[in-house]
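What the coordinates show
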Amino acid sequence: MQNTSSSQIDKIDDKQFHQLASHLLQSIELSLENADERLDLDLDIARQGGNVINIVFRDRSVVVINTQPPLHEIWVACKAGGFHYRWAGTVHQPRWLDTKTGNELLADLSRFVSDQAGQAVQITLLD
């Protein structure tokens, strides 16, 4: 597990969580749309209720990303399993880390999507 001292983590309130999570989901959507266009992945990317993204792949497998506002977490469900990512960054350097492994959300999500798409996909945060 990665070592992150509490002095390197900005405490966030509910409003900040919603802003950060919204920016994260928008970044994920745009990264996937760009990858789909560039690589012809045949993805179906759909937003539900504003806080859930469903990604359906050519083989009909799915990745679901959703926010959990009461816990200030982002949850991911995919072929590899279910994962919970908790805020562990600063407003200027956002980071979401898996509560069990300490892995970073966007790195894990890039790997999950790449595995299910059968091609390398990089998901990054918008500036």
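Scroll up for the structure.
Residues numbered from 1 in each chain as written. Predicted model: local features only at pLDDT ≥ 70, side-chain atom pairs only at ≥ 80, totals over all residues. Heavy atoms only, no water.

So, the pattern of salt bridges
For clarity, the cut-off: Each reported salt bridge corresponds to a side-chain nitrogen of Lys or Arg within 4 Å of a carboxyl oxygen of Asp or Glu. Secondary structure is summarised from DSSP: a helix means a run of H or I of at least four residues, a strand means a run of E of at least two, and numbering begins at the N terminus for each. Partly exposed residues are those whose accessible area sits between 20% and 50% of the maximum for their type, while under 20% is buried and over 50% is exposed, using a 1.4 Å probe and protein chains only.
All chains considered together, the criterion is met by five salt bridges. A salt bridge links aspartate 42 to arginine 58; the nearest nitrogen and oxygen atoms lie 3.8 Å apart. On the criterion of sequence distance, the pair formed by aspartate 42 in the loop between α1 (14-39) and β1 (44-48) and arginine 58 in the loop between β2 (52-56) and β3 (62-68) is long-range, its members being 16 residues apart. The closest approach of N and O atoms between glutamate 73 and arginine 86, which form a salt bridge, is 2.6 Å. Of this pair, glutamate 73 sits in strand β4 (residues 73-78) while arginine 86 is found in strand β5 (residues 81-87), placing the two residues 13 residues apart along the sequence. Overall, the relative accessible area of 5% leaves glutamate 73 in the buried class. Classification of arginine 86 as partly exposed rests on a relative accessible area of 44%.

These figures come from the coordinates and say nothing about function on their own.
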